[in-house]
Amino acid sequence: MNPYVLATLLFSLGLGTTLTFASSHWLLAWMGLEINTLAIIPLMAQHNHPRAIEATTKYFLTQATAAAMLLFASLTNAWLTGQWDIQLMSHPLPTTLASLALALKIGLAPLHTWLPEVLQGLDLPTGLILSTWQKLAPLTLLLQLQPMNSSLLIILGLTSTLIGGWGGLNQTQLRKILAYSSTAHLGWMVLVLQFAPSLTFLTLIIYLTMTFSTFLTFNLNNSTTINTLATSWAKAPVISSLAPLMLLSLGGLPPLTGFMPKWLILQELTKQDLAPAATLAALSALLSLYFYLRLSYAMALTMSPNNLTGTLPWRLLPSQHSLPLAISMTASLSLLPLTPALTALFTL
Amino acid sequence: MSLPTITRLPSARLLSSLLLHHQHHLLLPSIAPLTVPTRLIHAEYRRPGKPKENLWQKINIDFSKGMKGIKKNFTLLKNEFFDRWVGPEGKPILEHMLEQNRVVWEFRGPESLEHWTLSSDREVGGQSEVYLKLGKNSNTCFLYGTLNCTPPRDGETRYSGYCTMRSKQPLASFDRKKHHDWSSFNTLHLRVRGDGRPWMINLATETYFSHQKDDIYSYFLYTRGGPYWQDVKIPFSKFFLAYRGRIHDTQHPLWVDKVNTIGFTLGDKANGPFQLEIDFIGVCKDYAHTEECAYEMYKRNPEV
């Protein structure tokens, strides 16, 4: 793509999210979300492949629907309460509608069905932007909504963790696995939203770090299926040894970073007398862990049948910059001891 | 006063003949329709000259057929549910990872022929014929017939003469569309015995927009006429994108994670009999083949 066009689109993406961060008026926030949607559309469709165009169209339709619902919710709120402030939404109807609209925007179950197909049609870097950057703005708005209907958020959260776990179980395409993983993690975030928003924020940041390193690893190995992942030992052996740990971190195993949000969320839910919800969420994390474990197994514990006749790729000079991957992988593996510092840092 | 009962309206022909004779005097009831439709279901466009078919005679409404359908669909649903616990596509993950060859279509009994649909230009009024039967010892399928390139005389068709065999779309429980997922493979492997004629292999993938419905990836299959079997391996990167026979300007690599149907077409403008014997159709993974798309796209317009 022309570098000027690419720069314009990336800046627009940044502008959209920043607008939403900085706004207290619903219309400005909605505008930021729309700028984000429109800016990522050319990025998704740049390869012109029919599947990419299909993914772009599905993404646009769902995001436009969600934006329309959000606009309708804010209009209803303005009608009922006479003001457009995001944090002063006090009527349950527009709050519920806005929550559902934002759930559709980020891909929470049961409004998640678009996410696997859309991610599958994209290449890995664009999928990375979709899974990480595009979640920031809607979650910011969700964080600012006053919780009116506590059971809605808990139902959305539990459904997302369960469906994220079950749906990803038999996938062999890595992008679909990451889509279901995204749904599951967002479910955890939304479960604790009304009790401790700072934990939602912490989970979001840790999820972003882990997903960033996962996408970059898959991009470096140029792998989009489990089978191609299994041949990655010849490409970069160090990454092939660290990436399974990173995947287990995504699954929430101690002593890796991914355990931190799950532990704190379960603790908070128990404190709020929601022990059954906590149990169900913990059990559904096992489902997700299974497919992360399967990916780790394929990557590190198997020698895939592969007759490479030429030089093994790891002997050649690396073709991609791996500094961002190094930083994010370190962060996604070793931040658990810093839990108190991070909890204090992300307290809203 | 009893309402007048209309038990049987006069047919259209009778009414029109009445109209012709008594144009000024005929009083038709204004509420009743002018004609009784004799065909309530319109299947497809009926070309002029084709005999009218009475669809009611073809429909078989039967309780046992309904029960068989219910049993089949619920069995498929149960299998789908329990296959999940085994692994992707019902196989354990190790088996999925180690799979390098897979036979997708094999012709070992009469039920294997039900997965295939035949068509020829007889549908548009031509005179080609195509038939499918099991070969000797029920080991192969035998596609044979006669190609006739005489165009149908309907004033608009200029070229004709094609015969094709296409696989049916795989269906999950309750007739939902299912796709072949060949993402672990990169080559199509066939074992055929032809008669020297060039065939086209067409792969139809899942599309989204209605204008992409007839987007098909094709490649050629040149058969040798001998008594010996021919092993044909075609990488998926060689398939080019065409729409109803017209090759697309912008070519895209074939994504094999959602393949719907495979088809074999003969259209080599040579009148006469043809035959093609297929032993099996499979897919395999060739690790030495790393090409993604054989067709480069050159920049034609200045890049924006």
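What you see is a predicted model, and the numbers here were worked out from it, not measured in a lab. (Residues numbered from 1 in each chain as written. Chains lettered and ligands numbered in written order. Predicted model: local features only at pLDDT ≥ 70, side-chain atom pairs only at ≥ 80, totals over all residues. Heavy atoms only, no water.)

A word on the overall build of chain A. Counting its secondary structure elements, chain A contains 15 helices and 0 strands. Relative to a compact globule of 348 residues, whose C-alpha radius of gyration would be 20 Å, chain A shows 20 Å and is just as compact. With the C-alpha coordinates of chain A rotated into their principal frame, the extents come out at 70 × 50 × 35 Å. Counting across all 348 residues of chain A, residues that qualify as buried make up 56%. Looking at chain A alone, contacts between residues at least 24 apart form 79% of all its contacts between residues at least 6 apart. The averaged location of the 7 negative side-chain charges in chain A is 15 Å from the averaged location of its 11 positive side-chain charges. (Helix = DSSP H or I, 4+ residues; strand = E, 2+ residues; numbered from the N terminus. Rg over C-alpha atoms; globule rule 2.2 N^0.38 Å. Buried < 20%, exposed > 50% of the residue type's maximum accessible area, 1.4 Å probe, protein only. Contact = heavy atoms within 4.5 Å. Lys, Arg positive; Asp, Glu negative; His and termini not counted. Charge placed at Lys NZ, Arg CZ, Asp CG, Glu CD.)

Interfaces are frequently sized by the accessible area removed from exposure as the parts join. Tallying the contact residues gives 33 residues for chain A and 26 residues for chain B. Between chain A and chain B, the buried area comes to about 2600 Å², and carbon and sulfur atoms account for 55% of it. Linking chain A with chain B are 2 salt bridges. With a shortest N-O distance of 2.9 Å, K258 of chain B and E117 of chain A are connected by a salt bridge. There are 11 residue pairs in polar contact (both at pLDDT 80 or more) connecting chain A and chain B. Among the elements that take part in the side of chain A that touches chain B, helix α3 (residues 50–81) of chain A stands out by supplying 7 residues, more than any other. For the side of chain A that touches chain B, the residue count by class is 12 nonpolar, 15 polar and 6 charged. (Buried area = accessible area lost by both parts, 1.4 Å probe. Salt bridge = Lys/Arg side-chain N within 4 Å of Asp/Glu carboxyl O. Polar contact = N/O pair within 3.5 Å; in protein donor to acceptor, adjacent residues only side chain to side chain. Nonpolar A, V, L, I, M, F, W, Y, C, P; charged D, E, K, R; others polar.)

Glancing now at the domain arrangement of chain A. Residue and element names in this part refer to chain A. When the domains of chain A are assigned, the result is domain 1 (1–111) and domain 2 (149–306 + 322–347). A C-alpha centroid distance of 25 Å is found between domain 1 and domain 2. Counting residues at the interface gives 9 residues for domain 1 and 10 residues for domain 2. Across the interface of domain 1 and domain 2, roughly 770 Å² is buried in total on both sides, 78% from carbon and sulfur atoms. Linking domain 1 with domain 2 are 0 salt bridges, by the criterion used here. At the junction of domain 1 with domain 2, the criterion picks out 2 residue pairs in polar contact (both at pLDDT 80 or more). Per-class residue counts for the side of domain 1 that touches domain 2 are 6 nonpolar, 3 polar and no charged. (Domains from an automatic or database assignment.)

This next bit is on the domain arrangement of chain B. Residue and element names in this part refer to chain B. Examined at the domain level, chain B breaks down into domain 1 (63–98) and domain 2 (101–284). Each of domain 1 and domain 2 has a C-alpha centre, and the two are 27 Å apart. On the domain 2 side, the residues contacting the 8 residues of domain 1 number 8 residues. Roughly 660 Å² of surface becomes buried between domain 1 and domain 2 when both sides are summed, with 43% attributable to carbon and sulfur atoms. When the buried area of domain 1 at its contact with domain 2 is split by residue, N73, E80 and E89 rank highest and sum to 54% of it. On the surface where domain 1 and domain 2 come into contact, there are 2 salt bridges. R176 is paired through a salt bridge with E80; the nearest N and O atoms lie 2.8 Å apart.

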